[in-house]
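Letter by letter, the chains look like this.
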Amino acid sequence: NAGVTQTPKFRVLKTGQSMTLLCAQDMNHEYMYWYRQDPGMGLRLIHYSVGEGTTAKGEVPDGYNVSRLKKQNFLLGLESAAPSQTSVYFCASSLRGNTEAFFGQGTRLTVV
Amino acid sequence: EDQVTQSPEALRLQEGESSSLNCSYTVSGLRGLFWYRQDPGKGPEFLFTLYSAGEEKEKERLKATLTKKESFLHITAPKPEDSATYLCAVPPYTNDMRFGAGTRLTVKP
């Protein structure tokens, strides 16, 4: 049982480049989330989805877009990467809102 | 403003030396307080959810307690394998989750 899988695990981007992070879950969860984790700041919610075809903004959505075309997948896009987006990105899923969340292994992104 | 503050930032213990981690929060309406464990290079792993003041939950050497303004994670007779960063989180409103910066615990043999 894979749980939550993120790809890629590491990536280096140049300022202005674009990329997409993929998150896949095999637990049939309705809710999916994208967080970023920075030293000393804890995890911060970027965007989330409460079901297939839905997305909503979290605490720090600027500079990111998301899509949830299939229930098991949640994509995070950076259209024009900036050094401030250097971070570790985590995807998570949960059966319902405000319940136990299952996290992926993370993607370490560096923007130079 | 909704805030979650964890203390201390780092804690070093000898194996068998019990201690407690603190999580204080300011949210308008508590919808649960969550504890996670995070190992280096990995995603957080769920430990407990507490919903009301006075509630306690235990798992092996860990016990989480909740009051109206804070939660404690008590670690009894820790072992080196308990070394990790412990995160607490509260949802200020539905579908959001605010995490504290975490307490990095090191247990020396």
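To be clear, the structure that these remarks concern was listed above.
Cut-offs and rules
Residues numbered from 1 in each chain as written. Chains lettered and ligands numbered in written order. Predicted model: local features only at pLDDT ≥ 70, side-chain atom pairs only at ≥ 80, totals over all residues. Heavy atoms only, no water. Helix = DSSP H or I, 4+ residues; strand = E, 2+ residues; numbered from the N terminus. Rg over C-alpha atoms; globule rule 2.2 N^0.38 Å. Buried < 20%, exposed > 50% of the residue type's maximum accessible area, 1.4 Å probe, protein only. Contact = heavy atoms within 4.5 Å. Areas by Shrake-Rupley, 256 points an atom, 1.4 Å probe, with all protein chains shown as cover. Lys, Arg positive; Asp, Glu negative; His and termini not counted. Charge placed at Lys NZ, Arg CZ, Asp CG, Glu CD. 1 Å grid on protein atoms, 1.4 Å probe; cavity = no way out; pocket = protein on both sides within 12 Å on 5 of 7 lines; lining within 4 Å. Points joined across faces, edges and corners; volume = space filled by probe spheres on them. Nonpolar A, V, L, I, M, F, W, Y, C, P; charged D, E, K, R; others polar.

Colleague: Whenever I open this one, the overall build of chain B confuses me. Can you help?
Modeller: Of regular secondary structure, chain B possesses zero helices and 11 strands. Whereas a compact globule of 109 residues would reach a radius of gyration of roughly 13 Å, chain B reaches 13 Å, a difference of no more than 12%. Principal-axis analysis of the C-alpha atoms gives chain B an extent of 40 × 30 × 20 Å. Scored against the burial criterion, the 109 residues of chain B give a buried share of 48%. In chain B, of all internal contacts separated by at least 6 residues, the share reaching a separation of at least 24 is 53%. Total accessible area on chain B is roughly 5,300 Å²; 46% of this is exposed by carbon and sulfur atoms. The positive charge centre, built from 14 side chains, and the negative charge centre, built from 15, are 1 Å apart in chain B.

Colleague: So what exactly am I meant to see when it comes to empty space enclosed by the protein here?
Modeller: Over the atoms a probe the size of a water molecule is rolled, and this reveals where empty space is left. All told, the structure shown has one cavity of 30 Å³ or more when counted by the stated rule. Of the volumes computed, that of the largest cavity is approximately 80 Å³. As for the largest cavity, its lining consists of Tyr 33, Tyr 35, Ser 94, Asn 98, Thr 99, Ala 101 and Phe 103 of chain A together with Tyr 36, Asn 95, Asp 96, Met 97 and Phe 99 of chain B. Grouping the constituent residues of the lining of the largest cavity by class yields seven nonpolar, four polar and one charged.

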